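Residues per chain are reported as follows:
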Amino acid sequence: MPPPADIVKVAIEWPGAFPKLMEIDQKKPLSSIIKEVCDGWSLANHDQFALQHADSSNFYITEKAQNAQQLHERIQSSSMDAKLEALKDLANYSRDVTFAQEFINLDGISLLTQMVESGTERYQKLQKIMKPCFGDMLSFTLTAFVELMDHGIVSWDTFSVAFIKKIRYLGDCLVKKIASYVNKFASDISILQRSLAILESMVLNSHDLYQKVAQEITIGQLIPHLQGTDQEIQTYTIAVINALFLKAPDDKRQEMANILAQKQLRSIILTHVIRAQRAINNEMAHQLYVLQVLTFNLLEDRMMTKMDPQDQAQRDIIFELRRIAFDAESEPNNSSGSIEKRKSMYTRDYKKLGFINHVNPAMDFTQTPPGMLALDNMLYFAKHHQDAYIRIVLENSSREDKHECPFGRSSIELTKMLCEILKVGELPSETCNDFHPMFFTHDRSFEEFFCICIQLLNKTWKEMRATSEDFNKVMQVVKEQIMRALTTKPSSLDQFKSKLQNLSYTEILKIRQSERMNQEDFQSRPILELKEKIQPEILELIKQQRLNRLVEGTCFRKLNSRRRQDKFWYCRLSPNHKVLHYGDLEESPQGEVPHDSLQDKLPVADIKAVVTGKDCPHMKEKGALKQNKEVLELAFSILYDSSGQLNFIAPDKHEYCVWTDGLNALLGKDMLSDLTRNDLDTLLSMEIKLRLLDLENIQIPDAPPPIPKEPSNYDFVYDCN
């Protein structure tokens, strides 16, 4: 009688022993099979062994390899239902890097690519008869594809233009249908999201594919996705636009910006995203921040361009500034007055305009930054806010020399300051979501921002009664005013202007005084001794807080080539501070994750070291050096055993400090983060003030009083005998 179909005979070798022909029941778990094999050679610790293909030293048989083989077969099933269930499982399992490697080894990516290409054509036909099951199938296929590609095992350069066209088609054919059938066909939304995600990854990860995608995808095709109501689709759409913007050659970015302006992208985002009646999630905020940074980076070329004093077109801009400011004054024509007289008049006017070089003001714009960008701002202000421009120039012309606010010098320094505040020329951060709605309310938002700030500078100069010697002090106050107004996230430029009205120089002095009072640094000797005495108590309190936070745990995101926060894992410390529990999550948790749901454990006693930044193993891997600086600043790793490692990317700087402090505390090391220093300063200050309440309004001497001389006798001492 032949053996059951699930029973197979396999030859198994062990070094130094004769091979054995064993019967294996494929229904049994792989761990049970390995145990039987180990028992045959009397090998202990069967959980430390694995089966290996004899013809490949790098291919081990694991449960995940079995799953990969089975799913590879199941997704090719002729049954629609069986295929759909297999694709659901594949989309879920593909998040695991080990499974992904095994599935890719089976040429799984090529199989999925063929399914996407053929599925797109079938989907086009089935759309008319509305087959939601096929939409689900295509959705799970794309999801699995995205998850597998996220691991960086396969290069994006392997894909063809034909595949890009298929992906583009999915977006085009769905946009109208989703508006009508969004409640009935949720799979269509998923297909569109994944299609956009694939396009974004292609652009970001391959120069060749960027060129192909840029030829196939137009801004006009993407704009309709922003006019819907689904924030996820809007987010993916802006991400694709950002990717195209980021990877565009320098000479093409301005051209792309012009196209975006023609398509009224800013206005559409303002109406359908920023001012829509719903909260903006973190990922959308990040994409808006990236778009804001990339838009301002278009100014970098002008910011780094020096003025050519011999260029007549550039010199004409300075002449135009003089003409607008002093047009009321009669200008002698060429026939009257000598050349020397005209030069003298020009020099006088350039001095009134506040240039440093009165004879040849073109020399003021040879410093980069801000270069020609400062002159551009001045001309914009003079033309679009002419009354305010003339008022500032003439007002300062009538003041005494030492009290005049030099418009030219101020404009140059202010432009440089605004570029620093907005980080013009820097790449966008991987983790930042600090976008400002007001910059989406005007097509020339940077120039309008400058116009508001130059008027603020003139106002602050008057309030400070400043002289030329106070120029740097005024600039520091103006920067503080701007930064404090920006932190309130005004929704429009007018609201930003109103915020500045409430931040006068007098108000800034009050705020500074209040902050000094709250952070008063006592320097007298008795206070320093008191600080030294209570500091260990405060440090112990901070240590306990850090460990308590580790016990609560934190959700971390996984590092991948796309900034999609849909991969998470959770880590927390056991209440007895002896074990770290961690494991993967399907989605971001709403609260704490129980210990028993986290499958993996790491004893604290096994931890050898905690490393940060560039010293982390996952920051040394291929491609990691290209990560943004802020990602490096949030990275830390736990090293254990001989080569074991647990790699982290903190969600923000606060969590980074909490975890590195807590881990160092567990290892008996000092807590050295900025957060600890700030907490220590704050708690020390509060504790000292509490202990000194009884001494309020009493002057504490810098030195203790002198010790009196010893008395001539001690007869006053009570004798107990």
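Keep in mind the model is a prediction, meaning the values are calculated, not measured.

### Looking at the overall build of the protein
(1) Moving on: Scanning the protein from N- to C-terminus turns up 29 helices and 11 strands.
(2) Moving on: Going through the 721 residues of the protein one by one, you find that 45% of them count as buried.
(3) Moving on: The contacts in the protein between residues at least 6 apart in sequence include a share of 67% that link residues at least 24 apart.

### Digging into the state of the cysteines
(1) Moving on: One pass over the structure, following the stated rule, counts 0 disulfides.
(2) Moving on: No disulfide involves Cys 451; its sulfur sits 9.4 Å from the nearest other cysteine sulfur, which is in Cys 453.

### Regarding the packing of helix α25 (residues 525-552) against helix α29 (residues 674-691)
(1) Moving on: At their nearest, the axes of α25 and α29 sit 9 Å apart, and the two run at 125° to each other. One way to sum up the angle between α25 and α29 is to call them oblique. Here α25 and α29 pass one another in a crossing that is right-handed. Only Leu 675, Thr 676, Asp 679, Leu 680, Leu 683, Leu 684, Glu 687, Ile 688 and Arg 691 of α29 make contact with α25, whose side of the interface consists of Ile 527, Leu 530, Lys 531, Ile 534, Gln 535, Glu 537, Ile 538, Leu 539, Leu 541, Ile 542 and Arg 546.
(2) Moving on: Within the contact of α25 with α29, the residues separate by chemical class into 12 nonpolar, 2 polar and 6 charged.

### Side note on the packing of helix α18 (residues 372-384) against helix α19 (residues 386-397)
(1) Moving on: Viewed as axis vectors pointing N to C, α18 and α19 meet at an angle of 110°, and their least axial separation amounts to 5 Å. Between α18 and α19, the angle is such that the two are roughly perpendicular. On α19, the residues touching Phe 381, Ala 382, Lys 383 and His 384 of α18 are Gln 386, Ala 388, Tyr 389 and Ile 392.
(2) Moving on: Split by residue class, the contact of α18 with α19 holds 5 nonpolar, 2 polar and 1 charged.

### With respect to the sheet that holds strand β8 (residues 600-603)
The strands that make up a sheet are held in pairs by hydrogen bonds between backbone atoms, and each pair lies either parallel or antiparallel.
(1) Moving on: Read from one edge to the other, the open sheet built from 4 strands follows the order β5-β6-β7-β8, with strand pairing classed as antiparallel. Unpaired on one side and paired on the other, β5 (554-557) and β8 mark the two borders of the sheet. Averaged over all pairs of adjacent strands, the angle between strand axes in this sheet comes to 25°, irrespective of strand direction.
(2) Moving on: Judged from the 4 bridges that link them, β5 and strand β6 (residues 568-573) form a sheet pairing that is antiparallel. Note on β6: the bridge partner recorded for Arg 557 is Phe 568.
(3) Moving on: Each of β5 and β6 is contacted by α25, which is oriented at about 135° to β6, the strand it contacts most.

### Observations regarding the sheet that holds strand β10 (residues 635-640)
(1) Moving on: With respect to topology, 3 strands assemble into an open sheet ordered β9-β10-β11, the strand pairing being antiparallel. The open sheet has two edge strands, β9 (607-612) and β11 (644-649), and neither has a second partner. The sheet shows a mean angle of 15° between the axes of neighbouring strands, taken without regard to direction.
(2) Moving on: Where β9 lies against β10, 5 bridges are found, and the strand directions are antiparallel. Within β10, the residue paired with Thr 612 across the bridge is Phe 636.
(3) Moving on: Helix α28 (residues 653-666) rests against β9, β10 and β11 of the sheet, and its axis sits at about 25° to β10.

### Regarding the confidence of the model for the protein
(1) Moving on: When the pLDDT values of the protein are averaged, the result is 82; 82% of them are 70 or greater.
(2) Moving on: A low-confidence stretch, residues 173-186 stays under pLDDT 50, and its non-local contacts, those more than four residues away or across chains, total 21 contacts.
(3) Moving on: Long-range and interchain partners of residues 332-336, a stretch whose pLDDT sits below 50, account for 4 contacts in this model, where long-range means more than four residues apart.

### Some points on α19
Helical geometry note: an α-helix holds 3.6 residues per turn, so side chains three or four residues apart project in the same direction.
(1) Moving on: Here α19 contains 12 residues, and its C-alpha end-to-end distance of 16 Å stays within 8% of the 16 Å for a straight helix at 1.5 Å per residue.
(2) Moving on: Among all positions in α19, only Ala 388, Tyr 389, Ile 392, Val 393 and Asn 396 are buried. Angular distribution of buried residues about the axis of α19 spans 125°; they occupy a single face of the element.
(3) Moving on: Lining the buried residues of α19 we find α16 (312-325), α17 (339-352), α18, α20 (407-421) and α21 (445-464).

### Observations concerning helix α12 (residues 250-262)
(1) Moving on: Among all positions of α12, only Met 256, Ala 257 and Leu 260 are buried. Looking down the long axis of α12, one finds its buried residues gathered within 105° of arc, a one-sided arrangement. Exposed residues on α12 whose side chains face more than 90 degrees from its buried face are Asp 251, Ala 261 and Gln 262.
(2) Moving on: On its buried face, α12 sits against α10 (219-226), α11 (231-247) and α13 (265-274).

### Some thoughts on the pairing of β11
(1) Moving on: The pairing of β10 with β11 spans 6 bridges and is antiparallel. Each residue of the ladder has a partner; that of Ile 638, found in β11, is Leu 646.
(2) Moving on: Between β10 and the antiparallel strand that follows it, β11, lie 3 residues; Asp 641 among them carries a positive phi value of about 55°.

### What to know about the nonpolar core
Soluble, globular proteins show a tendency: their nonpolar side chains are buried together.
(1) Moving on: Ranked by size, the top nonpolar core spans 72 residues in total, and within it Ile 75, Leu 90, Leu 112, Ile 269 and Leu 288 carry the most contacts.
(2) Moving on: For this core, the element with the most residues is helix α8 (residues 186-205), which contributes 9 residues.
(3) Moving on: With sequence-adjacent residues up to four places away left out, Ile 269 is seen in contact with Leu 226, Ile 238, Ile 274, Leu 288, Leu 291 and Phe 440.
(4) Moving on: Ranked by size, the runner-up nonpolar core spans 66 residues in total, among them Ile 324, Tyr 350, Leu 373 and Val 477.

### Thoughts on the pattern of salt bridges
(1) Moving on: All told, the structure shown has 23 salt bridges when counted by the stated rule.
(2) Moving on: The salt bridge involving Lys 252 is made with Glu 255; its shortest N-O contact spans 3.9 Å. Taken as a pair, Lys 252 and Glu 255 lie in helix α12 at a separation of 3 residues, close to a single helical turn.
(3) Moving on: On the basis of relative accessibility, which here comes to 41%, the residue Lys 252 falls in the partly exposed class.
(4) Moving on: Classification of Glu 255 by relative accessible area gives partly exposed; the value is 43%.
(5) Moving on: Across the pair Arg 484 and Glu 480 runs a salt bridge whose closest N-O atoms are separated by 3.1 Å. With Arg 484 and Glu 480 both in helix α22 (residues 471-487), this residue pair falls 4 residues apart, about one helical turn.
(6) Moving on: Judged by relative accessible area, which is 25%, Arg 484 ranks as partly exposed.
(7) Moving on: For Glu 480, a relative accessible area of 16% translates into the label buried.
(8) Moving on: Beyond isolated ion pairs, a larger network of salt bridges with shared partners links Arg 322, Arg 348 and Asp 349.

Cut-offs and rules
Residues numbered from 1 in each chain as written. Predicted model: local features only at pLDDT ≥ 70, side-chain atom pairs only at ≥ 80, totals over all residues. Heavy atoms only, no water. Helix = DSSP H or I, 4+ residues; strand = E, 2+ residues; numbered from the N terminus. Buried < 20%, exposed > 50% of the residue type's maximum accessible area, 1.4 Å probe, protein only. Contact = heavy atoms within 4.5 Å. Disulfide = S-S within 2.5 Å. Axes fitted to C-alpha atoms, helices over the stretch in contact; angles between N-to-C directions. Parallel < 35°, antiparallel > 145°, perpendicular 65-115°, else oblique. Left-handed = near helix turned anticlockwise from the far one by under 90°. Nonpolar A, V, L, I, M, F, W, Y, C, P; charged D, E, K, R; others polar. Pairing = 2+ DSSP bridges. pLDDT = per-residue confidence, 0-100. Expected span 1.5 Å × (residues − 1). Arc of directions from axis to C-beta. Core = buried A, V, L, I, M, F, W, Y, C linked by side-chain atoms within 4.5 Å. Salt bridge = Lys/Arg side-chain N within 4 Å of Asp/Glu carboxyl O.

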